[in-house]
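# Close look at the chain arrangement
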Number of protein chains: 2
Amino acid sequence: MSQGSTARAVGEHLSEWITEGRLAPGDKVSETSVASQLEVSRNTVREAFRLLAHDGLLVHEFNRGVFVPQVTSADVRDVYRLRLIIEPGVVRALTARDTHRLGTLEAAVAEARTAARRRDWPRVGTANMHFHRSLVALAGSPRLDVMMRRLTAELRLLFAVIDDPRYLYQPFVKRNKELLALMTKGRFEEGADYLESYLGDSEGAILAAFEERERTA
Amino acid sequence: MSQGSTARAVGEHLSEWITEGRLAPGDKVSETSVASQLEVSRNTVREAFRLLAHDGLLVHEFNRGVFVPQVTSADVRDVYRLRLIIEPGVVRALTARDTHRLGTLEAAVAEARTAARRRDWPRVGTANMHFHRSLVALAGSPRLDVMMRRLTAELRLLFAVIDDPRYLYQPFVKRNKELLALMTKGRFEEGADYLESYLGDSEGAILAAFEERERTA
DNA sequence: GCATATTTGTCCGTATGTATA
DNA sequence: CTATACATACGGACAAATATG
């Protein structure tokens, strides 16, 4: 309606429903129900489904419909394996003249700070995504950007499983800030090492939550 | 109809048209023309467009339609940058017990050999794609597999620009075979180094063709 | 295992808005 | 600036596949 396609708008809605837990992992997402709730045609809903399936936020099973992915600890490991390859690699490849291109990272850090002050943890999570996407964008590779967009989208899916988001999101604020400080000083090698251990900790925390959940279930 | 969706079948057709040059880079791909030529509905064509756009074989511009990507030397560099990160990394991470899991690679090498004997260069190209996809599959990462599928699809797009495919495809046959030999012996570090230089040469050859083309155009 | 109801996959016709000649 | 072409979106329809009782 306003700007962009309605299919994209429907996609945004669905994306929120997923990250807010209104749509739980494993849930079936019916074409007709979404179409009637958002008052759009079924065709448009199908278009939105494709967009989200593209980012891994929905899975499409032929003749059965679309579902919210049932993420497991294996997915956590896979996502973090790729993050550990990509993100420190990008930081390590930076040089002194990149210290002037960190504006978007600063913005993301500021966004996270104000959100944390307001105890708005979902927004802290969004800011964290912005930070890491901006970080990867420094590499200047369009294809890497697409891949990182996918990964951060799936990250939201993983975080959505966690009951208490604060416990996971809060550490990000400080650590992103510290990583940025290292990078501003041009200490990229140190930054990459810092990022590696930071990602390792993050993976460990999420993994623990998942394995606990998988044990009880 | 037969197996899978008709949208997928339409996607296969379009994919062939692109790699065969029937659809040239920069061409607009009209919904209605494809729908009438393949005798399917516009709706189905739109679904197929999304599928191919997902793999980078088509680009979608809002309110303007879909186009065959206008690939440039910058795209060559970007694709190879990612290949150089991913593929040698996978090989380096392998261990002795992976030497028994190289069956798909052997099959791809054999496929390339027989195709080369028949001077069927497009088929050699396909076999080469299979080889590198199988290689990355050894890492056991579903998300890396998806990414590699995208990259190889785009690779076909790059190769489609080259006039004489034999010149580019022929070296692959021998080099894939030699890489496989190293891997079979468990010499993964050497294999990774070999792959790096091999990819570097490949990039250089394609890049030269692109820069020549961009100079004349 | 069967009959039924639901839902998806596909198609068509039409209206509206956007881009471009 | 107007006119044309085309993409976006709608709503209804039907067959086929799936899920349900």
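## A few points about the layout of surface pockets
Approximately 480 Å³ is the volume found for the second largest pocket. Lining of the second largest pocket is provided by 28 residues; of these, A:Ile85, A:Ile86, A:Gly89, B:Ile85 and B:Ile86 occupy positions nearest its centre. Secondary-structure elements contributing two or more residues to the lining of the second largest pocket are helix 4 (73-92) and helix 7 (142-161) of chain A together with helix 4 (73-92) and helix 7 (142-161) of chain B. Of the residues assigned to the lining of the second largest pocket, the class counts are 20 nonpolar, 2 polar and 6 charged.

## A look at the interface of chain B and chain A
With 26 residues of chain B at the interface, the matching set in chain A holds 26 residues. Between chain B and chain A, a total of about 2,200 Å² is buried, with carbon and sulfur atoms accounting for 50% of that surface. It is B:Glu47, B:Arg50 and B:Arg143 in chain B that bury the most area against chain A; as a group they hold 31% of the surface buried on that side. Between the two partners, chain B and chain A, sit 10 salt bridges. In this structure, B:Asp75 engages A:Arg143 in a salt bridge whose closest nitrogen and oxygen atoms are separated by 2.9 Å. Between chain B and chain A we count 15 residue pairs in polar contact (both at pLDDT 80 or more) in total. Where the side of chain B that touches chain A is concerned, the elements lending two or more residues are helix 3 (42-54), helix 4 and helix 7 of chain B.

## So, the relation of the copies chain B and chain A
Of the transformation superimposing chain B on chain A, the axial component is 0.3 Å and the angular component is 180°, with the fit at an RMSD of 0.2 Å. The symmetry that links the two subunits is that of a two-fold axis. With an isologous cut-off of 70% or more, the 100% of interface residues of chain B that recur at the interface of chain A puts this contact in the isologous class.

## Digging into the nonpolar core
Counting residues in each nonpolar core, the largest one holds 131 residues, and the members touching the most others are A:Leu14, A:Val29, A:Met183, B:Leu14, B:Val29 and B:Met183. Apart from the residues lying within four places of it in its own chain, the contact partners of A:Val29 are A:Leu14, A:Leu23, A:Val34, A:Phe49, A:Leu58, A:Val66, A:Phe67 and A:Val68.

## Some points on the packing of helix 7 of chain A against helix 7 of chain B
For any two helices packed against each other, the geometry is given by the interaxial angle and the distance between the axes. Orientation of helix 7 of chain A relative to helix 7 of chain B, taken along the N-to-C sense of each, is 155°, at an axis distance of 12 Å. On the basis of their axis angle, the class for helix 7 of chain A and helix 7 of chain B is roughly antiparallel. Helix-helix and strand crossings are classified by hand; for helix 7 of chain A and helix 7 of chain B the assignment is right-handed. Counted together, A:Arg143, A:Val146, A:Met147, A:Arg150, A:Leu151 and A:Glu154 of helix 7 of chain A and B:Arg143, B:Val146, B:Met147, B:Arg150, B:Leu151 and B:Glu154 of helix 7 of chain B form the full contact between these two elements.

## Comments concerning the pattern of salt bridges
Following the criterion strictly, the structure yields 40 salt bridges over all chains and no others. Between B:Glu87 and B:Arg83 there is a salt bridge, with the nearest N and O atoms lying 2.6 Å from each other. Of this pair, B:Glu87 and B:Arg83 both sit in helix 4, separated by 4 residues, roughly a single helical turn. There is no split in this pair, since B:Glu87 and B:Arg83 are both buried. Within this structure, A:Asp75, A:Asp78, A:Arg81, A:Arg150, A:Glu154 and B:Arg143 form a network of salt bridges that share partners.

## Observations concerning the protein's contact with DNA strand D
Neighbouring residues of DNA strand D: 19 residues in total, closest A:Thr6, A:Asn43, A:Thr44, A:Arg64 and B:Arg46. The share of sugar and phosphate among atoms of DNA strand D within 4 Å of the protein is 84%. Between A:Arg64 and DNA strand D, the recorded distance is 2.4 Å, taken from a side-chain N or O atom to a phosphate oxygen. One of the side-chain nitrogen or oxygen atoms of B:Arg42 is found 3.3 Å away from a base nitrogen of DNA strand D. Within the residue set of the surface near DNA strand D, elements represented by two or more residues are helix 1 (6-19) and helix 3 (42-54) of chain A together with helix 3 of chain B. Of the residues in the surface near DNA strand D, the class split is 2 nonpolar, 10 polar and 7 charged.

Thresholds, definitions, all that
- Residues numbered from 1 in each chain as written.
- Chains lettered and ligands numbered in written order.
- Predicted model: local features only at pLDDT ≥ 70, side-chain atom pairs only at ≥ 80, totals over all residues.
- Heavy atoms only, no water.
- 1 Å grid on protein atoms, 1.4 Å probe; cavity = no way out; pocket = protein on both sides within 12 Å on 5 of 7 lines; lining within 4 Å.
- Points joined across faces, edges and corners; volume = space filled by probe spheres on them.
- Helix = DSSP H or I, 4+ residues; strand = E, 2+ residues; numbered from the N terminus.
- Nonpolar A, V, L, I, M, F, W, Y, C, P; charged D, E, K, R; others polar.
- Contact = heavy atoms within 4.5 Å.
- Buried area = accessible area lost by both parts, 1.4 Å probe.
- Salt bridge = Lys/Arg side-chain N within 4 Å of Asp/Glu carboxyl O.
- Polar contact = N/O pair within 3.5 Å; in protein donor to acceptor, adjacent residues only side chain to side chain.
- Least-squares fit on C-alpha atoms with pLDDT ≥ 70 in both.
- Core = buried A, V, L, I, M, F, W, Y, C linked by side-chain atoms within 4.5 Å.
- Buried < 20%, exposed > 50% of the residue type's maximum accessible area, 1.4 Å probe, protein only.
- Axes fitted to C-alpha atoms, helices over the stretch in contact; angles between N-to-C directions.
- Parallel < 35°, antiparallel > 145°, perpendicular 65-115°, else oblique.
- Left-handed = near helix turned anticlockwise from the far one by under 90°.
- Near = heavy atom within 4 Å.

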